[in-house]
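Structure assessment
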Amino acid sequence: MCAKSSLSLPVLATLLVISGCALFRSDGDPDGMDITWPELRKNAGPQHADTEQSASRVLKAAIVEANIVRQPVSDPRIRTLVWEGLDESGLMSPEDRQRLNRGGFRVGVAGGSMPWALQSLARDATQVATSGSAETDIAALDHNFQLPVGPTFSVFERGVTRLEVQPALDPAVIPVDSIAELQGLQDLRNLRCAVEVTVTELNSDWALLTAVPQIYAGTATTRLTIQGNNSQLPVRQNTIPLYQHQFRVKLHRGEVAVIGRHGDDEWNAGRLFFQPDSGSAASECLLLIRLADVSEIRGRSDTSVAIGKKYVW
């Protein structure tokens, strides 16, 4: 929320024009991802001051649940059973799906009534995350087909969040030369994997998400970032966006997107993200993203500001 200032009106107007009014930061990283009202509504039509409706603007937000499910590779739920209940063919063209599969990635969507295998995996992940809860609270989830898949958070329209899949990878146990996306990297310290998710478009009951896998490596250092008219110096690692493996998925309210690994033993980007270890104790993971709801936030115009309308949240 932008607070009113006691400065003179000309000075206040200049400051507002230069800096804008930051609404939110979707993932908490100080990396210049702040989104301002003019950026979010840059395509909005002209304002009309003669009606109450035109004196406000609506900002939409997707209410999302997300979680990482980790199970032993030998668990048939995570390797086969969960995918039998998902729609993979209706999400994208066969060419795009084959492109993702060649990179080791697999994407499917479950409807509002989740298949048994997915419910079971989500329940196990929820039980781990809430290990301090009473057993009766977890047991009560068994018969609820709207079982939460993980923690809930909001992502505004055109907002970005990052979901960390692998927080700490050991390059010493990974065949780096076999993974094209890692070749040429000089510093593989602090190697980790995340998926950047952008809410590209929102409707009253569905959301269009764009997902870009990202690899982070190297020592975190200060790097200059230009955001609007402001320069910032966030502390960041080297980021390698895997645009060749990006995809879009449309989720209706209650649907769950499942992102995992395609293939068996070959090393590729998908395996790095979802099964980076080997041997009898190896585990595999799935990223679950559920659209729980779509909300709207309406701003009211503060007509007492002489320099023009200012939207207050």
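Residues numbered from 1 in each chain as written. Predicted model: local features only at pLDDT ≥ 70, side-chain atom pairs only at ≥ 80, totals over all residues. Heavy atoms only, no water.

1. Section: the pattern of salt bridges
A side chain of one charge can pair with a side chain of the opposite charge when the charged atoms of the two come close. Scanning the model with the defined rule gives 10 salt bridges in all. The partner of E88 in a salt bridge is R106, and the shortest N-O contact between them spans 3.0 Å. Taken together, the residues span a long stretch of sequence, with E88 in the loop between α3 (76-84) and α4 (94-102) and R106 in strand β4 (residues 105-110) at a distance of 18 residues. There is no split in this pair, since E88 and R106 are both buried. (Salt bridge = Lys/Arg side-chain N within 4 Å of Asp/Glu carboxyl O. Helix = DSSP H or I, 4+ residues; strand = E, 2+ residues; numbered from the N terminus. Buried < 20%, exposed > 50% of the residue type's maximum accessible area, 1.4 Å probe, protein only.)

2. Quick word on the confidence of the model for the chain
Any region with low pLDDT has predicted coordinates that should not be read closely. Overall, the prediction assigns the chain a mean pLDDT of 76, with 67% of residues at 70 or greater. Within the chain, the lowest mean pLDDT, 36, falls on strand β1 (residues 22-24), and the highest, 96, falls on strand β13 (residues 256-261). Predicted confidence is poor over residues 1-7, with pLDDT under 50, and the contacts of this stretch with residues over four places away or in other chains come to 10 contacts. This model gives residues 11-28 a pLDDT under 50, and the stretch forms 34 contacts once residues within four places in sequence are excluded. (pLDDT = per-residue confidence, 0-100. Contact = heavy atoms within 4.5 Å.)

3. Structural notes on the side chain of E255
With respect to the element layout, E255 can be found in the loop between β12 (247-252) and β13. Here the side chain of E255 touches H252 through a polar contact of 2.9 Å, landing on its backbone nitrogen. With near-sequence residues (within four places) excluded, E255 lies in contact with V109, A110, G111, G112, K250, I289, R290 and L291. (Polar contact = N/O pair within 3.5 Å; in protein donor to acceptor, adjacent residues only side chain to side chain.)

4. Details of unusual backbone geometry
Positive phi is not limited to glycine here, since R158 has a value of about 70°. Turning to its location among the elements, R158 is positioned in the loop between β5 (152-156) and β6 (160-169). R158 sits in the partly exposed class, given a relative accessible area of 33%.

5. Digging into the packing of aromatic side chains
Tallying each qualifying case throughout the model produces three aromatic pairs. Ring plane angle 40° and centroid distance 6.2 Å describe the contact between F273 and F274, whose orientation is recorded as tilted. Note on accessibility: F273 and F274 belong to one class, buried. Here the aromatic cluster, defined as three or more aromatic residues joined through ring pairs, consists of F105, F273 and F274. Cation over ring: R192 sits above Y216, and NZ or CZ is 4.3 Å from the ring centre. The ring centre of W267 lies 3.9 Å from the NZ or CZ of R271, which sits over that ring. (Phe/Tyr/Trp six-rings, centres within 6.5 Å; stacked < 30°, edge-to-face > 60°. Lys NZ or Arg CZ within 6 Å of the ring centre and 35° of its normal.)

6. Concerning the pairing of β4
Burial of β4 is extensive: six of the six residues sit out of reach of the surface. By the alternation rule, side chains of β4 split into F105, V107 and V109 and R106, G108 and A110, which are all buried. Alignment of β4 against β13, held across six bridges, turns out to be antiparallel. Pairing of F105 across the sheet is with R261, part of β13. (Pairing = 2+ DSSP bridges.)

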